[in-house]
Every structure is written in structure tokens, then in C-alpha cells.
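# A structural walkthrough
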Amino acid sequence: YHEAINFSFVNAETDSLLTTAEPGTRLQLSNPIDATQAEMRTTLLGGLLDSITHNLNHGTRNVRLFEIGKCFTYQAGQERPQEVENLALVATGARHETDWQAASARYDFYDFKGVLESLFESLNLPKIIFAPVSTIPYLHPGRAAVISRGNVLVGQAGQLHPHLTTRYKFKQPIFIAELNFGMLLAAKA
């Protein structure tokens, strides 16, 4: 996986399609540099999907990216916005990029789940539980899971929903995950 670094300023419409943040919790910029990017991000996924689009448009079909960054929300009555450190991953393309004999084998949900399990193991985190779910609007029903440790929800993972695949004009499956990185690191204790 290669690291991506994207802007914290996002397009409100795109960000709202890729998050479960409640309306009214988004941070509007009072004087944005670009009128099409007038909000602070609530998810890292929009920037990563734009990076996938850029790579696919330039002929790179096998893409594996991650980003660690802050996401922002605002609750009425709070003096300052809440900043949450998230980790997001996206992947698409061939399962084995360098193996020409298996070039037709495509990356799937179980490959992606295995990457996440390897990540948790390499960070010496306690056991993480994947539970199937079909109610996350930006994930494909039947190819999505929420990720938790004990009773604490730390994120979600799955295949990008077909309506978003069409919106972005992707012709191959895209797998995405976003995790609350602070909660993951707290799991070490």
C-alpha cells in the first residue's frame, strides 16, 4: 500500500455520500479558497476515491492506497469542532500484481479483509471482529462489514456500492475501509 495525502477541504456533496455523519455536524468554511470545496472532511474516503480515479485515468489498474488523517465534526453547544484521527484504505485491481500467470484473478472482499487482519496483527491489537451489515449506504449490501473490538465500533469495510461505482465511472470493484485510528491504538491497552 502507498500513502496518500489529501486536502482536508472537501466537496460537501461527495463527502455526504461517503459518510454516516449526521446532517448539521459538518463544518462549513466561512471563507473557502475554492467554492466547490467549502467544508472540512468528515471522512477520508472522498480523497482516496479521487486518487483511485486519477490512477485509473492514467492507466494504473492495480491500486492500493492508505491515508491517516484528521476528520472533523461539530456538535451544537461545543466550543470547538471534534477532530478524529482516522485510517482509511482503498484497493482495486489484480490480486497478485506481479504474477503474470494469475493476472486474471481479481482482488475481492476476502483479500481486503485479510489485509485488515494482517494490519491489526502487525500492530499487536486485540482480536477485531467483522460483522456483516447491509445498512451502510456507500457499501455494497452483502459485501460489507462493521469492525469492532468488544462492543466498541471502530470502523467499516467493504466493496463500494454500485451507485457510487457508477457515479465515479469505475469499471472494476473498489474495496474501501475506514477506521477510527485513535480507538484502534487504544485497543493496545
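Description of the structure in this document. (Residues numbered from 1 in each chain as written. Predicted model: local features only at pLDDT ≥ 70, side-chain atom pairs only at ≥ 80, totals over all residues. Heavy atoms only, no water.)

### Digging into the side chain of Thr92
Defined as follows: Counting from the N terminus, the helices are DSSP H or I runs at least four residues long and the strands are E runs at least two residues long. We call two residues contacting when some pair of their heavy atoms lies within 4.5 Å.
Secondary-structure assignment places Thr92 in strand β5 (residues 82-92). If we skip the residues at most four places from it in the chain, Thr92 touches Ile52, Arg61, Asn62, Val63, Arg64, Gln172, Pro173 and Ile174.

### A word on the packing of aromatic side chains
Our working rule: For Phe, Tyr and Trp, where Trp contributes only its six-membered ring, two rings pair if their centres lie within 6.5 Å, and the inter-plane angle classes them as stacked under 30 degrees, edge-to-face over 60, or tilted in between. Burial classification: accessible surface area is computed with a 1.4 Å probe over protein chains only, and a residue below 20% of its type maximum counts as buried, one above 50% as exposed, and the rest as partly exposed.
By the definition in use, this model includes six aromatic pairs. Measuring from ring centre to ring centre gives 6.3 Å for Tyr107 and Phe112, while their planes differ by 70°; the resulting arrangement is edge-to-face. Here Tyr107 matches Phe112 in class, with each residue buried. With a centroid separation of 5.3 Å and an interplanar angle of 5°, the aromatic rings of Tyr168 and Phe170 are classed as stacked.

### Looking at the pairing of strand β7 (residues 139-149)
Using the following cut-off: In this description, strands pair whenever DSSP reports at least two bridges between them.
As paired strands, strand β6 (residues 129-132) and β7 are joined by four bridges and run antiparallel to one another. Opposite Pro132, over in β7, you have Ala145 as the bridge partner. Where β6 hands over to β7, the hairpin turn is made up of six residues, counted between the paired strands. Sheet analysis places β7 next to strand β8 (residues 152-160), joined by seven bridges and oriented antiparallel. When the sheet's bridge partners are listed, Ala145 is paired in β8 with Ala157. Counted along the chain from β7 to the antiparallel partner β8, the turn is two residues long, and its residue Gly150 has a positive phi close to 65°.

### Here's the deal with helix α3 (residues 109-122)
Given 3.6 residues to a turn, an α-helix orients residues that are three or four positions apart in the same direction. Under the convention used in this document: The span one expects for a helix is its residue count, reduced by one, times 1.5 Å. Taken from the helix axis, the directions to the C-beta atoms give the arc we talk about. For this analysis, a polar contact is any N or O atom pair within 3.5 Å, provided that within protein one partner can donate a hydrogen and the other can accept it, and provided that sequence-adjacent residues contribute only side-chain to side-chain pairs.
Given a rise of 1.5 Å per residue, 14 residues ought to cover 20 Å, and the 20 Å separating the end C-alpha atoms of α3 matches this to within 8%. The set of residues buried in α3 consists of Phe109, Phe112, Leu116 and Phe120. On an axial view of α3, the arc spanned by its buried residues comes to 80°, and they lie on one face. Away from its buried face, by an angle of more than 90 degrees, α3 presents the exposed residues Tyr110, Glu121 and Ser122. Here the buried face of α3 lies against β5, β6, β7, β8, β9 (175-180) and α5 (181-186). With a side-chain oxygen lying 3.1 Å from the backbone nitrogen of Tyr110, the N-terminal cap of α3 falls on Asp108. Downstream of α3 by one or two residues, Asn124 has phi in the positive range, about 55°.

### Some words on the nonpolar core
Put simply, the rule reads: As used in this record, nonpolar core signifies buried Ala, Val, Leu, Ile, Met, Phe, Trp, Tyr and Cys residues forming a set joined through side-chain atoms within 4.5 Å.
The biggest cluster of nonpolar side chains holds 24 residues, and the ones touching the most others in it are Leu18, Leu49, Tyr138, Leu160, Phe170 and Ile176. Looking at this core, the elements with two or more residues in it are α2 (45-57), β4 (63-73), β5, β7 and α4 (162-168). If you tally residues by element for this core, the top one is α2, at five residues. The next biggest cluster of nonpolar side chains, apart from the first, holds 20 residues, and it includes Leu116, Leu125, Leu179 and Phe181.

### Structural notes on the side chain of Thr43
Tracing the backbone shows Thr43 in the loop between β3 (39-40) and α2. With a relative accessible area of 2%, Thr43 lands in the buried category. Here the side chain of Thr43 touches Leu45 through a polar contact of 3.2 Å, landing on its backbone nitrogen. Within the local environment of Thr43, its side chain forms a polar contact with the side chain of Glu178, the two groups lying 2.4 Å apart. With residues up to four places along the chain from it excluded, the contact list for Thr43 reads Asp15, Leu18, Thr19, Cys71 and Glu178.

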